[in-house]
Amino acid sequence: MEYGEIESLRERQAAWRLLRAGNVSLVLSFLGEFFVEANRGATPASEVVAALDDHLYVVNAAVSDREADPRFPKSPRAYLDDWAATDAGYLRRFYPAGDEEVHYEVTAALEKAYSWVTTLRGRSFVGTESRLHTVVELLRQIVHGTDDDPRARLVELRRRRDEIDAQILAVEAGEVPVLDATGVRDRYQQFAATARDLLADFREVEENFRLLDRAAREKIAGWDGSKGELLADLVGSRSDIAGSDQGRSFQAFYDFLLSDSRQEELSVLLGKVAGLDEIDADVRLRTIHHDWSEAAERAQRTVRQISEQLRRFLDDQVWLENRRVLELVRAVETAALAVRPAPPDFGMHVDQPGIDIVLPFERPLYDPPAAAEVRSTMPELGDEDLAADLLFAQSFVDAARLAANIRAVVPERATALLSDIIAMYPVEQGAAEIVGYLALTDADLSVEMDESEETLVEYADPNDPAIRRRARLPKVTVSRR
Amino acid sequence: MNDEHALGAAIIRLMQGVVYREHDESTWQTLQRSGAGVRDHFATIGVELVIDEIEGYAYLKSRPEIEGEDTLPRLVRRRALTYNVSLLLVLLRKRLLEFETSGTEGRLVLSREEIVELLRTFQPDSSNEARTVDQADRTIAKTVELGFLGAVRGARDQWEVRRILKAYVDAQTLADFAGKLREYAGEVADE
């Protein structure tokens, strides 16, 4: 690789940028565990937020010096927004069709960074033998798979038969070669690595499909020639999704994986491998074929959706309409800029969705408002005894007087006990007056109660000054601002 | 619910507005099962039922006039929109097209700021930022009322651009508006 290319990857490739980021440990630990290890696809924001909230709590508790000063102070949602921003690109944020909630999904870039970081963790031993076998087997497949000479094919097939015959003879003679423990571990390690890689690759497969789709759409949108030429170009340039290398390899994998016999064979094999004593089997690999199917299904769904939309996009009418619409939108924009200082008072005419039906008799009929009768002449009253006492017995506590009492005793920006004020200005109207103090709402006064302490207030009964009464209330302080 | 009842319900839903597959699964299924019956029902009063399988919506529109045939009185009302609402619809129509062109799946959701930003270029210069935003809020509210923007559950100030916009703000409508606007722009320039 050249200097310039590496430099540009360092700047632009999201995976590399992530590795250089300051909070890379947080990003990888959370997204790696939540999405990659658990093999999650698109997940509703609320679930991701809840998980990240827990994760932040644990991480902050572990790495922050003081609780008041956490290492990662932002809200989970803010972190997710950061990570999904275009200049980060660790998460894909989108609103799926048919769902009201925003969804998140990790990108291939994150998957790459995560898998690279996991490889940094040293392995106790690195098996090489099994990989040699795999490499040789691949070479054989390439060489014999491309040979169309029937005689050469037969030679190879016979050679394989002889090999198998020899093995059969050996077993019949009681000679059963068994893999030694190292051989088993070596192979299992390679299996585990490949199985996980495969899973990680699906994300990239999906992303490649999206790129292909985007390239096709951009081409469609900017196309000037005839539609026939466009179609020829699309198919010819292999940007046609199903026909691309990516599409065909994926389809072949998908068909292979989905056959019942294959699934069953995988189940049995995985079960047996997990039961071997020689290896410390990874529980997650026990059902890896289900994870493959799920991930493949997801990718397949994406492809289906994309190609359906692309077909529609290419549909004759839509294609013509889109170009016309774009042209008209530009015309409107140009004119709108020209009239900006003096916007017109007209707009578009648009059909109103739906048909209004207003049935006249559904509405309430006219109902004359009931006339209220007002008689201003008072009926003459006789000389009956009216209970006029009631009117005079109403007691009125003048809040202004109480406030004035406080202002007279308490200087500005000072505080006093209510009991002290009452000592200076004895209560004249009994309990009502005490309540009056508590209810003062003047802007410059504030009354506070402290339930932890008690005050006793003594006052003369307003009806009979000879009787002393006591009120028990919380400690009340009055302050002036 | 028996079939007749379901059919009636579907007809009423359509008269109330656009029917979306994702919002009203049961009406959608009725339309799939007995769309022909609903279609016939509306055909007698000069209204056409449009079901878009791919976009997932169904709506009613006036049957185009056929030459030589007596036309029925118009049942689907046309509405004159204000200039601001019209402008927003045009800009949203463009955003929707760009969204499709970029190949992003799912739904187009815009925040209030994004919508204000869309409109800002076309607002008369004003030092009164608050006024511009207030006006944008009113325009958004109107567009929501018309059903071309929809609130997103659980997210304040986020609006989904409904795809039905494409059916209502079509090339014909845009062409009329562009023509009128161009004419007006000429007049303004002459003054």
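Parameters at a glance
Residues numbered from 1 in each chain as written. Chains lettered and ligands numbered in written order. Predicted model: local features only at pLDDT ≥ 70, side-chain atom pairs only at ≥ 80, totals over all residues. Heavy atoms only, no water. Helix = DSSP H or I, 4+ residues; strand = E, 2+ residues; numbered from the N terminus. Buried < 20%, exposed > 50% of the residue type's maximum accessible area, 1.4 Å probe, protein only. Contact = heavy atoms within 4.5 Å. Areas by Shrake-Rupley, 256 points an atom, 1.4 Å probe, with all protein chains shown as cover. Buried area = accessible area lost by both parts, 1.4 Å probe. Salt bridge = Lys/Arg side-chain N within 4 Å of Asp/Glu carboxyl O. Polar contact = N/O pair within 3.5 Å; in protein donor to acceptor, adjacent residues only side chain to side chain. Axes fitted to C-alpha atoms, helices over the stretch in contact; angles between N-to-C directions. Parallel < 35°, antiparallel > 145°, perpendicular 65-115°, else oblique. Left-handed = near helix turned anticlockwise from the far one by under 90°. Nonpolar A, V, L, I, M, F, W, Y, C, P; charged D, E, K, R; others polar. Pairing = 2+ DSSP bridges. Expected span 1.5 Å × (residues − 1). Phe/Tyr/Trp six-rings, centres within 6.5 Å; stacked < 30°, edge-to-face > 60°.

An unreviewed UniProt entry annotates chain B as DUF4194 domain-containing protein of Nocardioides massiliensis.

Looking up chain A in an unreviewed UniProt entry gives the name DUF3375 domain-containing protein, with the organism given as Nocardioides massiliensis.

Turning our attention to the overall build of chain B. On a plain count of helices and strands, chain B comes out with 7 helices and 7 strands. Helices (α) and strands (β) of chain B occur, in sequence order from the N terminus, as α-β-α-β-β-β-α-β-α-α-β-β-α-α. Within chain B, the fraction of its 191 residues that count as buried is 48%. Across chain B, contacts joining residues at least 24 apart in sequence account for 57% of those joining residues at least 6 apart. Accessible surface computed for chain B: about 10000 Å², of which carbon and sulfur atoms make up 47%.

A separate point is the interface of chain B and chain A. When the parts come together, some accessible area is lost, and that loss is often what is quoted as the size of the interface. With 63 residues of chain B in contact, the opposing surface of chain A contributes 50 residues. Regarding the contact of chain B and chain A, the summed buried area is about 5700 Å², with carbon and sulfur atoms giving 62% of it. Note that Asp351(A) and Arg78(B) form a salt bridge whose closest N and O atoms lie 2.9 Å from each other. Here chain B is connected to chain A by 14 residue pairs in polar contact (both at pLDDT 80 or more). Taken together, the elements giving at least two residues each to the side of chain B that touches chain A come down to helix 1 (3-16), strand 2 (47-52), strand 4 (78-80), helix 3 (83-101), helix 6 (165-168) and helix 7 (171-190) of chain B.

All names here are of chain A. Direction vectors running N to C along helix 4 (residues 45-63) and helix 5 (residues 76-84) enclose 110°, while the axes themselves pass 9 Å from each other. Judged by the angle between their axes, helix 4 and helix 5 are roughly perpendicular. The crossing of helix 4 and helix 5 is right-handed. On helix 5, the residues that touch Ala45, Val48, Val49, Leu52, Asp53 and Leu56 of helix 4 are Pro76, Arg77, Tyr79, Leu80 and Trp83. Residue composition of the contact of helix 4 with helix 5, grouped by class: 9 nonpolar, no polar and 2 charged.

Residues and elements named next belong to chain B. As paired elements, strand 2 and strand 3 (residues 57-62) share 6 bridges and run antiparallel to each other. Note that in strand 3 the partner of glutamate 48 across the bridge is lysine 61. Connecting strand 2 to the next strand, strand 3, in antiparallel fashion are 4 residues, including glycine 56 with a positive phi near 80°.

Our focus in this paragraph is helix 3 of chain B. Given a rise of 1.5 Å per residue, 19 residues ought to cover 27 Å, and the 27 Å separating the end C-alpha atoms of helix 3 of chain B matches this to within 8%. Summarising burial for helix 3 of chain B: 16 of the 19 residues are buried, a large majority.

Let's shift gears to the packing of aromatic side chains. Two aromatic rings, taken as a pair, are described by how far apart their centres are and by the angle between their planes. Residue and element names in this part refer to chain B. What the rule picks out here adds up to 15 aromatic pairs over all chains. Seen from their ring centres, tyrosine 59 and tyrosine 168 are 5.2 Å apart, and the 45° between their planes marks the pair as tilted. Residue tyrosine 59 is located in strand 3, and its partner tyrosine 168 is located in helix 6; the two are separated by 109 residues in the primary sequence. Judged by relative accessible area, tyrosine 59 falls into the buried class, the value being 8%. By relative accessible area, tyrosine 168 is classed as buried at 6%. On the basis of an interplanar angle of 55° and a centroid distance of 5.9 Å, the ring pair of phenylalanine 148 and tyrosine 168 is categorised as tilted. Pair noted here: phenylalanine 148 is in the loop between helix 5 (129-146) and strand 6 (149-151) and tyrosine 168 is in helix 6, with a separation of 20 residues, a long-range link. Accessibility assignment for this pair places phenylalanine 148 and tyrosine 168 in one class, buried.

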